[in-house]
Structures are given as structure tokens and as C-alpha cells.
Protein chains: 2
Amino acid sequence: MTKEYNVAILGATGAVGTRMIEQLEQSTIPVKNVKLLASARSAGKKLKFKGEELTVEETTPESFDGIDIVLSSAGGAVSKKFLPEAVKRGAVCVDNTSAFRMEPDVPLVVPEVNSEALKNHHGIIANPNCSTIQMVMALEPVRRKFGLKQIIVSTYQAASGAGQAALDELAKEAQDYLDGKDMQEDAHILPTKGDKKHYPLAFNLLPQIDVLEDSGYSHEEWKMIHETKKIMLGDMNSPEIKVTATCVRVPVPISHGESVYFTVKDESATAQDIMDAVAAFPGNVLEDDIKNQIYPQPINAVGKRETFVGRIRPDYENKGAFNMWVVADNLLKGAAWNTVENAEYLVKMNLI
Amino acid sequence: MTKEYNVAILGATGAVGTRMIEQLEQSTIPVKNVKLLASARSAGKKLKFKGEELTVEETTPESFDGIDIVLSSAGGAVSKKFLPEAVKRGAVCVDNTSAFRMEPDVPLVVPEVNSEALKNHHGIIANPNCSTIQMVMALEPVRRKFGLKQIIVSTYQAASGAGQAALDELAKEAQDYLDGKDMQEDAHILPTKGDKKHYPLAFNLLPQIDVLEDSGYSHEEWKMIHETKKIMLGDMNSPEIKVTATCVRVPVPISHGESVYFTVKDESATAQDIMDAVAAFPGNVLEDDIKNQIYPQPINAVGKRETFVGRIRPDYENKGAFNMWVVADNLLKGAAWNTVENAEYLVKMNLI
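Reading the values: rules and limits
- Residues numbered from 1 in each chain as written.
- Chains lettered and ligands numbered in written order.
- Predicted model: local features only at pLDDT ≥ 70, side-chain atom pairs only at ≥ 80, totals over all residues.
- Heavy atoms only, no water.
- Least-squares fit on C-alpha atoms with pLDDT ≥ 70 in both.
- UniProt positions renumbered as here; feature names shortened; annotations may be inferred.
- Helix = DSSP H or I, 4+ residues; strand = E, 2+ residues; numbered from the N terminus.
- Axes fitted to C-alpha atoms, helices over the stretch in contact; angles between N-to-C directions.
- Parallel < 35°, antiparallel > 145°, perpendicular 65-115°, else oblique.
- Contact = heavy atoms within 4.5 Å.
- Nonpolar A, V, L, I, M, F, W, Y, C, P; charged D, E, K, R; others polar.
- Pairing = 2+ DSSP bridges.
- Buried area = accessible area lost by both parts, 1.4 Å probe.
- Salt bridge = Lys/Arg side-chain N within 4 Å of Asp/Glu carboxyl O.
- Polar contact = N/O pair within 3.5 Å; in protein donor to acceptor, adjacent residues only side chain to side chain.

J.: What is the right way to read the relation of the copies chain B and chain A from this model?
T.: In this arrangement, two copies of a chain are superimposed by a rotation about an axis accompanied by a shift along the axis. By a simple turn and slide, chain B fits onto chain A: the slide is 0.0 Å along the axis, the RMSD is 0.0 Å, and the turn is 180 degrees. On this basis, the relationship between the two copies can be described by a two-fold rotation axis.

J.: Please clarify how the UniProt feature "domain: Semialdehyde dehydrogenase NAD-binding" (unreviewed entry) in chain A should be interpreted in this entry.
T.: Here the UniProt-annotated "domain: Semialdehyde dehydrogenase NAD-binding" (unreviewed entry) positions come out as residues 6-121 of chain A. When the span residues 6-121 of chain A is considered, its composition is 24% helix and 27% strand, and the gap between its end C-alpha atoms is 19 Å.

J.: What should I look at first to understand the packing of helix α4 (residues 130-146) of chain B against helix α9 (residues 332-348) of chain B in this one?
T.: Axes are the key here: two packed helices are described by the angle between their axes and the distance separating the axes. Residues and elements named next belong to chain B. In the contact formed by α4 and α9, the axes pass within 8 Å of each other and the chain directions differ by 90 degrees. The angle between α4 and α9 falls in the class roughly perpendicular. Taking contact as the criterion, the partners of Cys 130, Ile 133 and Met 137 in α4 are, on α9, Lys 333, Gly 334 and Asn 338. Split into classes, the residues belonging to the contact of α4 with α9 amount to 3 nonpolar, 2 polar and 1 charged.

J.: So what exactly am I meant to see when it comes to the UniProt feature "binding site: phosphate" (unreviewed entry) in chain A here?
T.: Residue and element names in this part refer to chain A. According to UniProt, the positions carrying the feature "binding site: phosphate" (unreviewed entry) are Arg 101. Inspection of the secondary structure puts Arg 101 in the loop between β7 (92-95) and α3 (111-114). When near neighbours in sequence (up to four residues on either side) are disregarded, Arg 101 contacts Asn 96, Val 106, Leu 108, Ala 126, Asn 127, Pro 128, Asn 129, Lys 223, Glu 227 and Lys 230.

J.: Just checking my understanding: could you explain the sheet that holds strand β7 (residues 92-95) of chain B for this structure?
T.: For sheets, the rule is that strands pair by backbone hydrogen bonds, running either parallel or antiparallel. All names here are of chain B. Here we have 6 strands laid out as an open sheet, ordered β5-β2-β1-β6-β7-β8, and parallel in their pairing. Of all strands in the sheet, those with a lone pairing partner are β5 (57-58) and β8 (124-126), marking the two edges. By the bridge criterion, 4 bridges tie strand β6 (residues 69-72) to β7 in an arrangement that is parallel. Its bridge partner being in β7, Ser 72 is matched across the sheet by Asp 95. Along the sheet, helix α1 (residues 15-25) makes contact with β1 (5-10), β2 (31-38) and β6, crossing β1 at roughly 160 degrees.

J.: I keep staring at the interface of chain B and chain A and nothing clicks. Help me out?
T.: In many reports, interface size means the accessible area that the parts give up when they come together. Each partner contributes residues to the interface: chain B has 68 residues there, and chain A has 69 residues. Counting each side, the surface lost to burial between chain B and chain A is near 5,700 Å², with a carbon and sulfur contribution of 53%. Inspection of the region where chain B meets chain A yields 8 salt bridges. Where B:Lys291 meets A:Asp214, a salt bridge forms, and the shortest distance between an N and an O atom there is 2.9 Å. Taken together, the connections running from chain B to chain A amount to 57 residue pairs in polar contact (both at pLDDT 80 or more). Elements with a contribution of two residues or more to the side of chain B that touches chain A: β9 (148-157), α5 (164-178), α6 (219-233), β10 (242-249), β11 (256-264), α8 (298-301), β13 (307-314) and β14 (321-328) of chain B. Looking at the side of chain B that touches chain A, its residues break down into 36 nonpolar, 19 polar and 13 charged.

Okay, here's the thing in C-alpha cells:
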């Protein structure tokens, strides 16, 4: 008899949480019962799982009694508070927040890239940052085949990375702008909720995602640098691949774009070789047909689980150097789907 | 007695042309008479120069009789047809199109960077591409002080770079999106007028500006590479500074953003040194105060002549390597102002 799992979704009412429900509905995990958890404010809300209406409950430590799998996307503080309680009660947690990503004994996993790391889990698996996930999806096949020396990335990140409220803020600002009204008074969340100043994103660009640190880098940029090293090399400070990042929020609701410049060890690699490697990697879709103007676009990636890669071309002045353009749905491969996919791998690999 | 000049503005009714009129009103050039020229379709339109109503005339070779200075932004084909006629009649032309930029005997000039090149003109001076201008403004002070080895740029380019019709298209698409309507049928111009397929830009990203060429690069990317070399080094194919570019159209009406990664020859340079050099360069404004969330934003640059630079920080894993973020009004410093400014320099330098 197939084992069936009791699954709790923590932060079930958010932009990522609602998509975790959908992704779990479509997943291969044999689900016995689903429990939807959120803050007191959202408790009582009704949401459906496979047609069945479920009532969202307020999270308490006891919520996790009898739970096998926790999928969490309720913010770092909530994960820090409750996931150890869930682990204590025997659950395995896949956490979409940044709370545990840099803990040495917590695997940070994009299943197609480093599912082997799941074997070392101690009850918590961290889902990487959205912008990191799609970049390592595009680059891992290159690393495996040709070796990677350096990554220089500039991101074009969607508003939904900052949650449903940021999405609503973008829509309100856009309408006010089109009506000739001032957008400044609409800006309460972006560039980042906890910071002092807020700026409009509609018809604008904000080169700040998360807080700006003394290093000169934003915390989002820091994450891209160190998460990439941890996922690809198992060490967040590995000097083997040099990584630098510039993260910019753009007035797009869903799906991040990334302009990625990279250099490979095997300088005999051609752009066609890179394309072939990317296309053959599970979870990637090559959209690179410049004669027919085919390249990844955010509006085409919304609702898809795949990572879309195109505009692959050599830097003609530097051997072994290439540019590429990467797009993925930040709420799915960048969050909800990668989380559920990690849980699927845990089940398939008998690690739960 | 100060010499006064008869000035013709070719393409006077476009997004750049109307701004050329404004910039000429505010310029130091002693203007005797202004003639506004356009296609037959726009002839008869009324526009003001310093409060005086002028009627737009259809362009003919004879339009340039008695003209001293031509400011042109009517498209490459129009420039190619009429500017030699104007030169024949004794005028000096500053051309904002790409028609003559790569002619060896046509100076390609950003006045703060390479005004000396104006001395070699033979009647036509080319204004560089908008995305190139703001990048060389930010990097020239770095090149002079520390030497430049490599530039890797990813652009975030505004719709107005494709003209007034693209601006209107973006606004229509944005309203339709907010109303839940399909945007696809609004897309007639972007990514680039002459190409086969058109895609919506509102709430989307288009990694194509100008046509995509067999090299894998778009023509806009090609321009950034070769114009940068011609402006900084006097040779469009100079290997001295290596340049690569990824150009992306973003749903912003006016002002381009650029994420610029660069390496310098003098590896003792610090981020503070770079900031000091940028800030001291005429035409640049340093907006780099991360503690107070100060960095360049498109909505703040609109209507300004300056180039705004911020987020300057070292790549901690590569000596002599830095990231920066550059924003400028693509219709002013990227087009109308740089054109008028070139004419101001021609007057000041007695080259007209």
C-alpha cells in the first residue's frame, strides 16, 4: 500500500501559499489530509483543495501534531518560530523563507540541480531565493558540461516577489499614473517592506530589493551570490565560482527576467553547445530562435513550472564568455513549485 | 557683434523633435531664426519657439537655403536623404539618427567626453545612441583616472526610445491590462517597428531592441559595443576596451536604466575613488547614499539633462572590478539635449 501523507501549508493565504495549494493538487505526492495554516488575521478564511473546502486555522505548535510534511511560506520569523516545533513532532519541512538557508546542516535545494543534498536533511529543507533558483537552473547544465568560472547577473524582478500587497500596490500606482494622479502616496511597501522609504514601482525601476547593507550590496544580491555557491558547490563561501549580482525591481507583476554573463572553464564551448546543454536539462525550456523573434518573456512564463532560456550568444571579445537571458515564474519555480517539488523528491527518495 | 544662427529642426514634431525645440530655447546658442521641418504628413502643424508660433514645413532640399545649423531626428532614411543637401548649402548638421555614426569622417560625440572630435567634422556630427551616451558619461571619468579594461552592460530601456507611438502603445496596453483585456492586439510597434512580430511591453520585458542579427546580438547591442569604442577610443573596432551588452526594453515611459559591470587597469581604485571621479565629471550627478536609500530612479530623471549614477560597489571577488547603476532621460541627454549641446560646443569652439 502506498504511504499517504498529512501535509500542512503554513502561510496558505499569501501569493505563494495559494500557489502551493495548487501545486500540491497537481503533484505526485499521495496526500491523505491537508491542513491550511496562517496567522490569526487570516484564520477562518475558506480555501479549496481538490474541490474540498478547507478552513484556514491559526498556527500553534500543536497544529503540527500528526503532520508529515510542512510547506512553509509565511515569512522568516514565522518559520523560525514554528518549524522547529513541527520537526519536534516528526514532520519534515520545506521552507520557502530565508530563515534557515545559510544553516550549515540545512540543505538548500533546487531538485534538478542538487537533490542529493536532501539526503543530509535534519527535518528542514530550505527553498532558495526565487532569483537564485532560475539562474542555477539555467547555469547548472553549463557547469556540469563545461565548468563555470564567473557569473555576473543583472535581474529584472517582478513585484510579486514582495508578496500580494506589492502586486496590489503596483496595480494601484499604474492606474493612478494613467489617470494623471500622483503615485507617491500609493507607495507603502516597495522597494522593501521593512525599510524607511517607499517609492513607486509603476513605470519606474527600483535598484533595491531587500535592505541595502554596509557592503554596498542589497541583501537580495548577497543571497544570489552565496546561495548560488551553496547550491552548486556545497559551500556558501566557495571561491570556485565567482558571483556578483545587481538586483532591480521592475514594473512586472509575475516572472523575473535575468541577464546573465558567465565564463566557462572549457573555452572550446560554443553558443550552440551551451544551448544544447540548457535544452537537455530537465525543467528548462530553450526559447532561442532569433530569426523568428523567439525569446523568453515574463507574460509567457506566468503559470508555468519551467525555466525559459534564450538570447544565448558568445562575448566575441572574451573566449569562453557568454550572455544569456533567463525568465521563470517567480511564484512557481521561484517559490511554490520548487517547494512542492522538493517534497516530491523527499517522497521519491524515501527521505520522509 | 555676436554672430546669430539660423537653425532648422528636422523631425520637429516627434518625441525627440519637440524636446529639441525646448532644449534650443534654453540653450546658449544665439538663434536668429528657427525653421521647423517634418514630413508632408506633419506639415502645417503649429509649434511654438520662445512663445512665437511657427508652422511646420515639409522638408525639401531648398528648406536648407540660408540655414547654419541643422538638428535632425527624423529617422535614418530622412537624414541620409537631406543632410548632404544641407551640407552642400553650407549648414553644419548634428544628427540624432544612426545614419552616419559609423562613417569614419563623421565625429560621434558626447561633448563632455570627446568634444575634441568635433574639430574633424565635415558638416555632419553624429549624436550617439541613447543607451551609449549615458554609459560613456558614467564611465569616461573612470577611464581617464583608472583606465578601463572591460564593460559588461545590461540595459533597462524606456519605451520612448522607440518614439511617441511606442509611448502611446505602452499606455494603451497598460490600461487594457488593468481592465482585464487582451494586450496582444495593441502591439503594433514594439519590440521594433520594422520587424515581423510585435509583442506587448506593458507589465512585460522584451529582450529585443532593434533587429536581431546573425551574430546573436541585437543591433542596439551592436551599437553600444561599437559606439562606445568609437567615442572613447576613436576606433569602433578598438580591442583596448572590451564591451558586451544585453539590451532589454522595460515598461517605463521615459529614462533608461543600466546595470554596468566594469574592470579598471589601476586595481588600487576603491569604490570611493570611483564615486569621487563620477561626481566630479561635468554633467554627472552622484546619487549614491544607501543608508538613506538614495539611488537613481527613472521617474526622478525625467526632464533632467544630467546622468545619474549610484549603487557603486566593488566586486569583492575580482580586484579592480565594480558594479554601478546609471539612469538618464533618454529623450534629453540620450537625444535632444546631447544634440543641442553638440551644437552649443560647435558655436563655442568656433567650428561653425
